[in-house]
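# Summary of structural features
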Amino acid sequence: MKPPKFDYHAPRSVDEALGLLQRYGGDAKVLAGGQSLMPLLNFRLSRPAALVDLNRIPSLAYITEQDGQVRLGAMTRQRTIEFSPVVKERLPLLREATKLVGHLPIRTRGTIGGSLAHADPSAEYPAVLTALEGEVVARGPKGERVIKAKNLFRTYLTTSLEPDEILVEVRMPAMPAGAGFALEEFARRHGDFAIIGIAAMVVRDGPRCRTARLTTAGAGPVPLRLRAAEEILERDGLTDAAIEAAARRASELVSPDADIHASADYRRHLTGVLTKRALKRALGAARG
Amino acid sequence: MAEMVTVRLKVNGVAHEGRCEPRKLLVDFLREDLELTGTHIGCEHGICGACTILFNGEAARSCIMLAVQADGSEILTVEGLMQNGTLHPLQEAFREHHGLQCGFCTPGMLMTALDFLKTNPSPTEAEVREGISAVLCRCTGYQGIVNAVRAAARTLGGAAKVESGT
Amino acid sequence: MSDQGWIGKSVKRVEDYRLLTGRGTYIDDHPPVANLCHAAIVRSPHPHARILGYDLSAALAMDGVVGAITGADVLKHSKPFSVGVTAPVQYFCAATDKARFVGEPVAVVVARDRYVAEDAADLVQVSYEPLPAVVDPERALEPDAPVLHEAVGSNLANNRRLVYGDPDRAFRDADVVIKERFRFPKYGSTPIETYGVIARWDALDGVCTVWSNFMGPFIMHPLTARVLGLPGNKLRFIVPPDIGGSFGIKSLIYPYMALIALASKLTGVAVKWIEDRHEHLMASSTGTDRVAYRELAAKKDGTILGMRFRWLDNVGGYIRSPEPGCSFRPTGNFVGPYRFQNLEVDASTVMTNKCLTGPNRGYACGHLYFETEGMMDRLADTLGLDPVEVRRRNLIPAAAMPYRTPTGGLYDSGDYPQAFDKALEMAKYGELRREQAKARAAGRYFGIGLALAVDPSVSNMGYVATALDPQFRAKPEYLPKSGAVDSATIKVDPLGRVIAILGTTPQGQGHQTVVSQIVADELGLVPEDVTVVDEMDTFTRVWSISSGTYSSRFGSVGTSAVALAARKLKKKLVEYAAHLMDMPPEQLEFRDGAVRAKQGKGPSYSVKDLAGRAHWNTESLPEGMEPGLQATAVFGFTVAKAVDAEDRVNSSNTYGFIAEVMAVEVDPETAAIKILRYVTVHDAGTIINPMIAEGQIYGGALHGLGGALYEELAYDEDGNLLTGTFMDYLVPTACEAPTIEIAHVVSPSPLTPLGSKGLGESSSMTVPAVIANAVSDALSPLGIRINELPMTPSKLWKAIERAGRSHAAPTAGHPRSRPTTGPPVQ
């Protein structure tokens, strides 16, 4: 299992990287943390003409706070996110999700931009970006454009990024103070991609629920926002009955696929169970 | 013939230079070009963890990194753990607590545990299990490894306290 | 037995120094010869296809490529391997006419390095005519199923019906008859180190040297020599000092040893091949998946009168030796720890388009006990008895030891009831049942499982002939087979220190440490005085057909050879000292590291002293004594006999015992299984190093848990492999490993000089049974019982969901009040 031959480039700037992508006209692959792409290369399931390695572009790794948003450079390592005080304070759901990404040695190299651009629907980051209504910045030959989460993920391992574009920044609105949150996952083995994961955030206003966010991982070709379930909570508050109803609704909203690890029915059922568990835990952590 | 690249890096404190194809995996470079065969290959797709090394001080899988990416880096492999002819306290703990049988996952397990203890110096048993779940072992059922890492945490924690007191 | 008592101590391992510091020598570490070239193997992407032709031109034209061989070369330059059955199955080291499973080798490319070899392998063109495939063993036996081997005419590789006692009468006389169908999954060993082979065929001296992490048995040496057309003294197998785990699977490297040797012969260079993980999962080896139909006949009081086993073992594309060991390896312990005398076994071995099979930790015993212990619980249910009680009523009592089983096994020692009681006591079984009643009242699925097993170690290679018909075995040209042999050489150097040389192939079992303990005790030394060399080399070591490190042999047969060699040497030292002291040897003894007079004071001669004199001054030796201070012992079990005309065979040489109790809770919403308690009690006779012994138990238990819950080499109906990576083939991590409470009972074996037995496979053979029984017990209010592994949450949830529609939630009441029929888990 050795990778096939490819040209290798380690540009020092995004512009240089974009030039390389153009040069190869869609036959080059962008190498970020490499924790998904390198296995594909080793299996020879991916045979690009060239790799454009972003790891020598230091300006792509940062975490800043601006206009109520947390902005993360695409090459920010998952490990950096895990231990970032800003993320802990402003995006605690992202922090919780990060701890569930593979294992620590994977997070040493894995990046947020790489994970989102890889668009594995079972992965944590796409679900969190979707739940928090985040967006990404893509830069291409024609300049930058902002892509909202709901427009980013097209299907399995496919995004709306163009082949000559590079995802350069991830933006997530800071979570409201006191928001309750949880990422509930069920996997057969620790550290694996979830059979089903549910990212939840609730913002309380006394007995009422001002905002509810529920997103799936693993329940279909893209992370799915469970809006109809959220609406039940926003309408009926965070009572046990409303949570049960939202969980039931959640399982009706998904049409997951079957694989060797789980049937579609089981995934649908788990969607309800984990929605309930995520909401209960989120509620327990919510203030306000 | 793909273009060859030069890789200069420090491994276990020693500077090395080599030339290889850009596609050469870091683990192959360490094993073949630098003849550091302590780092093992178990799956070549980033799951088993046998090839784990410290890359600029942090645990990473050397089977899913290219050698060229390590140009300019500092790497610690299992060969660099022993200092002045003395086993590292983590190595000592593995021996004391039967944390290895066939020894094949052991280099990756040691490097993973070393990094883990840096991020969590006084872990609970559950945290140790989670920390070492990054590496697959087929021999030990992990119990000896868990015991060893917990024991090493006590030794290393004790040492840290002594250092901070001086 | 022991002068200073190193035996029984948890001596820290001498192996650890090199393994902890990155200085081990595994097959991939150091090139044994210069100018090695590297192989990549071209494999069939088809489950079943006729090979129409090969085009190597593009591959051979590539810069850096040395050469390539195909199945056509294999056909021309080698013979098929012998198979253990009479069906005309031709098993070559690569596909020659058809590919019969995904991943079967079809060609080998040899190049300057592995990267180039893989590039060239991509360019090898093989034309195939795809054929319909079959993967299910029952489907494979239907008349319209695709046939893999036309010469065989069907997919049935072998069938034996074995009858012991009078099973028909047992079933006639029974008060209750219980029937069940079980399915056991195809899972493997997945050592973290994969296979590796280096071969150099020297055209001038005609010697073919093959370095590999092959674990034995070395019966494969003569078989491979025959395949390659070499005399035994021209084929050299060398095993490096370190092997990165095996658990059975590295006994099946031999086809690759032949294939890479051929590649070396035909390309004229030394060739190295390291298997990658994808190849390992596709094409190395696994245990068999089995469909089993079980019947049990019993009296109302729970006494078992007899059993019937009907097995369909799926060996994949070819029946490869030592299969059909999947059926017959446990022949001597088919009855487990129970007293019943009547048994009928109908064992079919079926070929389908899956990867080939062979020994996997607990060879066939995981299957056996999953079924038998499941039947014991079903008997308890039917009779309204506690599962403890139904087992107690059938256990072989201690007074019956040594015990001859109806199938020919000779259980050498043990006190099964005592070990069982110990397990129940440790687990606080009564308390667990009370806890269960409370949990059920609260609507929780809490279950308790039991499993008892006879743990066979040191296979008697004679068992393999059970696969053959007695009439066939009665023919004059048939050569009976039997034996379980190991050797050791111990030598004392002129300075009085000791080197012990073994021909074993350890894969992490700590042989060097254990041997140093034994020799230290025998010769009154400390373990540091003993250096142990265990690098197998068929040219230099004393070995035989059964040599190798498999079948939990070392703790029993290997240690015995070491003890005997030490005693032989000690005798010589006493005789030499007697000569020096001018005393009769009978008045001397070896004590505290020296030869001394048994009574009274007098001169004594230390080992060091005797060694110096013996080496430096051969004139000082008594007349007729051979110079040199060394002794070689070959230990062989005399209880290892060939299978008899009634199909009885003592298929192992020592037999331990395992008693386990497990408590689990099943999450009613997710169907996740949580292990709450797991107690395991082992009787492996004398324990030489408790630390090492317990390490084996921990590892074995987790391997069994892998098969029970996580691991399966899964195929779709068309024969495509679905689990070719470690993302999909789930090896348990530290988070899945349960806490294990271990205890030992010691019934020394009367057959070994130290009283020890093997225990390397240990709980791998009981965990599938104990956890299936615990989960069945937890879900008994729903009428669910487990008859198929692995128990994935998805499958379990489906069963709960189905049952939930027809049963109420768990309620308080008699803990065993589950219905005797219910939907099986599919």
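Quantities reported herein were computed from a predicted structural model and do not represent experimental measurements.

Definitions and cut-offs
- Residues numbered from 1 in each chain as written.
- Chains lettered and ligands numbered in written order.
- Predicted model: local features only at pLDDT ≥ 70, side-chain atom pairs only at ≥ 80, totals over all residues.
- Heavy atoms only, no water.
- Helix = DSSP H or I, 4+ residues; strand = E, 2+ residues; numbered from the N terminus.
- Rg over C-alpha atoms; globule rule 2.2 N^0.38 Å.
- Buried < 20%, exposed > 50% of the residue type's maximum accessible area, 1.4 Å probe, protein only.
- Phe/Tyr/Trp six-rings, centres within 6.5 Å; stacked < 30°, edge-to-face > 60°.
- Lys NZ or Arg CZ within 6 Å of the ring centre and 35° of its normal.
- Polar contact = N/O pair within 3.5 Å; in protein donor to acceptor, adjacent residues only side chain to side chain.
- Pairing = 2+ DSSP bridges.
- Axes fitted to C-alpha atoms, helices over the stretch in contact; angles between N-to-C directions.
- Domains from an automatic or database assignment.
- Contact = heavy atoms within 4.5 Å.
- Buried area = accessible area lost by both parts, 1.4 Å probe.
- Salt bridge = Lys/Arg side-chain N within 4 Å of Asp/Glu carboxyl O.
- Nonpolar A, V, L, I, M, F, W, Y, C, P; charged D, E, K, R; others polar.

Here the focus is the overall build of chain C. A tally of regular secondary structure across chain C gives 21 helices and 28 strands. Rg of the C-alpha trace for chain C: 28 Å, near the compact-globule value of 28 Å for 826 residues, within the 12% margin. Taken along its principal axes, the extent of the C-alpha atoms in chain C is 90 × 75 × 55 Å. Looking at chain C as a whole, 67% of its 826 residues are labelled buried.

This part covers the packing of aromatic side chains. Residues and elements named next belong to chain C. With the rule as written, the count across this model stands at 24 aromatic pairs over all chains. Arranged with centres 5.8 Å apart and planes meeting at 40°, the rings of Phe184 and Tyr187 form a pair that is tilted. The residues Phe184 and Tyr187 share a single accessibility class, namely buried. In this structure an aromatic cluster arises from ring pairing among Tyr403, Tyr411, Tyr416, Tyr655 and Phe657. A cation over an aromatic ring shows up here: Lys9 above the ring of Trp6, its NZ or CZ 5.2 Å from the ring centre. Over the ring of Trp311 we find Arg290; its NZ or CZ atom is 3.8 Å from the centre of that ring.

Residues and elements named next belong to chain C. Most of helix α4 (residues 114-123) sits out of view: eight of its ten residues are buried. Arg114, Tyr115, Val116, Ala117, Glu118, Asp119, Ala120 and Ala121 are the residues of α4 that are buried. The backbone nitrogen of Tyr115 lies 2.9 Å from a side-chain oxygen of the residue at the head of α4, namely Asp113.

On to the sheet that holds strand β14 (residues 304-316) of chain C. Residues and elements named next belong to chain C. Read from one edge to the other, the open sheet built from five strands follows the order β7-β15-β14-β13-β8, with strand pairing classed as mixed. Edge positions in the sheet fall to β7 (156-164) and β8 (176-184), since each has one partner strand and no second. Here the average twist between neighbouring strands, direction ignored, is 10°.

Looking now at the domain arrangement of chain A. All names here are of chain A. With domains assigned, chain A is organised as domain 1 (7-54), domain 2 (61-173) and domain 3 (180-285). For domain 1 and domain 2, the distance between their C-alpha centres works out to 19 Å. The partner domain 2 presents 17 residues to the 14 residues of domain 1 that form the contact. Counting the surface lost from both domain 1 and domain 2, the interface buries some 1200 Å², and carbon and sulfur atoms represent 74% of this. For domain 1, the biggest contributors to the area lost against domain 2 are Leu18, Gln35 and Leu54; these three give 38% of the whole. At the boundary of domain 1 and domain 2, one finds one salt bridge. A salt bridge links Arg139 to Asp15, with the nearest nitrogen and oxygen atoms 3.8 Å apart. Along the contact surface separating domain 1 from domain 2 lie zero residue pairs in polar contact (both at pLDDT 80 or more). By residue number, the principal contributor to the side of domain 1 that touches domain 2 is helix α1 (residues 14-24), which donates six residues. Residues belonging to the side of domain 1 that touches domain 2 are distributed by class as follows: eight nonpolar, five polar and one charged.

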